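# Summary of the model geometry
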Amino acid sequence: MRASKFLKAAGVMFFLAVFACIYAGQANAGAEDGKKVFAGKKCGDCHQTEGTATEKTFADKLKKKGPDLWFAGSKFKKEWLAEWMQNPNPIRPLEYNSIEKTNPGNHPKLAKKESEDATEYLMTLKSKDVQEGVIQEGASNIQGKLAFEKKVSCFACHKYPKLGKPIGGLTGPSLADASKRLKGDWVYAYLKNPKVLIPVKRMPVYEGILNDGEMKGIAQYISTFK
Amino acid sequence: MKRIFPFFIAVSIVMTFSGGSAFAASADENYKWYCAQCHGSGGKGDGINSKDLPVTPRNHTNPADMKKLTDGDIENVIKQGGAATSKSTTMPPFGSTITGDEIKEMVKYLHKLCNC
């Protein structure tokens, strides 16, 4: 009696284990296929997928043709990535690296399956400098709102939703729908440790200007933008 | 060698804690990279962000406006942003972005722009 119960339990465990392996294998296959899509479509011509960041000067940055993706899995929401690579609507109002020309909106498009595989692949690219589970997304944050709108006016360079309509400057990526696109933990890490993730940029460094509570508050506040 | 070693340590400590960019750029390069997006590459206050700002960026070529500011004011406003001179905080703080020396060079550069 006891032996048969044991066997039954062992059997269930065995099936679960096999199932888990197949499942993990599928996710892995997706990531492997996604890596092939990335290579086949020459996405790497414009995107760096291996960290750490190497640019040091304005000239280094100007040589880049697209934003870094070596921390994509720490930065983006998975559902957003899969959708955006099929319908790549402009994120940056201006052309990459330009402060004059409008974004031409001509980013290469992927088919559904390619995009899902590429998403599996990009989600494996994580930065050890982005700690997970720090920012509680979606909850309002007064300290963050005050810092963003009043103390340092982040909207001078970024669009954000104000009374249902995006307002703000053009030289930074639009944050108007940031809750769908960006992980709060990445936004916090980027403010806290900007030189590790994106060392050269037209955005000021806020270390020593905003305190830790304000940086966390801003990351939480941005996670409510939709 | 023994005497030079502490010097290297001192230099690397200073470089580590001086904040700011990892490389020194000329005032012209810094202006075109950071300031031009709002003030315009010629300094007229007509950068691409200016249309979407609630306050017009200062026209750095206008001597009447620029003469109201002492060198100390200009340095502080670049370091701490508009709040330093009780102006709009849409003028961002650059004190952690460019070094103190680069800011001093920038003050001279602004004097050239307004010819004042």
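The coordinates are above.
A brief structural summary. Worth saying up front: this structure is predicted, and the values here are computed from it rather than measured.

Contacts between the two partners involve 30 residues from chain A, matched on the other side by 23 residues from chain B. Summed over both sides, the interface of chain A with chain B buries roughly 2200 Å², with 64% coming from carbon and sulfur. Here chain A is connected to chain B by 1 salt bridge. For Lys159(A), the salt bridge is made with Asp52(B), and the minimal N-O distance between the two is 3.7 Å. Put simply, chain A and chain B have 10 residue pairs in polar contact (both at pLDDT 80 or more) between them. Of all the secondary structure elements, the ones that give two or more residues to the side of chain A that touches chain B are α2 (58-63) and α6 (142-151) of chain A. Ranked by residue count, the leading element in the side of chain A that touches chain B is α2(A), at 3 residues.

What follows deals with the pattern of salt bridges. One pass over the full model with this rule turns up 24 salt bridges over all chains. Where Lys64(A) meets Asp68(A), a salt bridge forms, and the shortest distance between an N and an O atom there is 2.6 Å. Taken individually, Lys64(A) and Asp68(A) each receive the classification buried, so the pair is uniform in this respect. For Glu105(B), the salt bridge is made with Lys108(B), and the minimal N-O distance between the two is 3.1 Å. With Glu105(B) and Lys108(B) both in helix α5 (residues 100-114) and 3 residues apart, this pair spans about one turn of that helix. Through salt bridges with shared partners, one network takes in Glu55(A), Lys64(A) and Asp68(A).

In this model helix α2 (residues 27-39) of chain B runs just 14 Å from its N-terminal to its C-terminal C-alpha over 13 residues, more than 12% under the 18 Å that 1.5 Å per residue would give. Of all the bends found along α2(B), the most pronounced is centred on Trp33(B) and spans about 45°. The buried count for α2(B) comes to 10 of 13 residues, which makes it a mostly enclosed element. Restricting attention to buried positions, one finds in α2(B) the residues Ala27(B), Asn30(B), Tyr31(B), Trp33(B), Tyr34(B), Cys35(B), Ala36(B), Gln37(B), Cys38(B) and His39(B). At its buried positions, α2(B) is contacted by α2 of chain A together with α5 of chain B. Gly40(B) occupies a position one or two residues after α2(B) and carries a positive phi of about 85°.

Applying the stated criterion across every chain, the model contains 16 aromatic pairs over all chains. Taking the centre distance of 5.0 Å and the plane angle of 5° together, the rings of Trp186(A) and Tyr190(A) count as stacked. Pair noted here: Trp186(A) and Tyr190(A) are both in helix α8 (residues 184-192), with a separation of 4 residues, about one helical turn. Of the two residues, Trp186(A) and Tyr190(A), both sit in the buried class. An aromatic cluster of at least three residues, connected via ring pairs, comprises Phe148(A), Phe155(A), Tyr160(A), Tyr221(A) and Phe225(A). The cationic tip of Arg181(A) hangs over the ring face of Trp80(A); the distance from NZ or CZ to the ring centre is 5.9 Å. Stacked on the ring of Trp33(B), the Lys or Arg Arg202(A) has its end atom at 4.0 Å from the ring centre.

So, how was this worked out
- By convention here, each chain's residues receive numbers from 1 onward along its written sequence.
- The lettering of chains begins at A and the numbering of ligands begins at 1, in the order of writing.
- Given that the model is predicted, a residue must reach a pLDDT of at least 70 before its local features are reported, and side-chain atom pairs must reach 80 or more before they are shown or counted; all residues, however, enter totals for whole chains, interfaces and linings.
- As a convention, hydrogens and water are excluded, and side-chain values are obtained from all of the structure's heavy atoms.
- What makes two residues a contact is simply this: any of their non-hydrogen atoms within 4.5 Å.
- Buried area is calculated as the accessible area (1.4 Å probe) missing from two parts once they are joined, with the contributions of both summed.
- A carboxyl oxygen of Asp or Glu within 4 Å of a side-chain nitrogen of Lys or Arg is what we treat as a salt bridge.
- Identification of polar contacts relies on pairs of N or O atoms within 3.5 Å, with a donor-acceptor requirement for protein atoms, meaning one able to donate a hydrogen and the other able to accept it, and with residues adjacent in sequence counted only if both atoms are side-chain atoms.
- Labels follow the DSSP assignment, with helices taken as runs of H or I lasting at least four residues and strands as runs of E lasting at least two, numbered in each case from the N terminus.
- In this scheme, a residue with accessible area under 20% of its type's maximum is buried, one over 50% is exposed, and one in between is partly exposed, where area comes from a 1.4 Å probe on protein chains only.
- Working rule for helices: expected span equals 1.5 Å times residues minus one.
- Note on bend: the value at a residue is the angle between axes fitted to the seven residues ending there and to the seven starting there.
- For this analysis, a ring pair means two rings from Phe, Tyr or Trp (six-membered ring only for Trp) whose centres lie within 6.5 Å, classed as stacked if their planes differ by under 30 degrees, edge-to-face if by over 60, and tilted for the remaining angles.
- Distance and angle both matter: a charge sits over a ring if NZ of Lys or CZ of Arg is within 6 Å of the ring centre and within 35 degrees of the ring normal.

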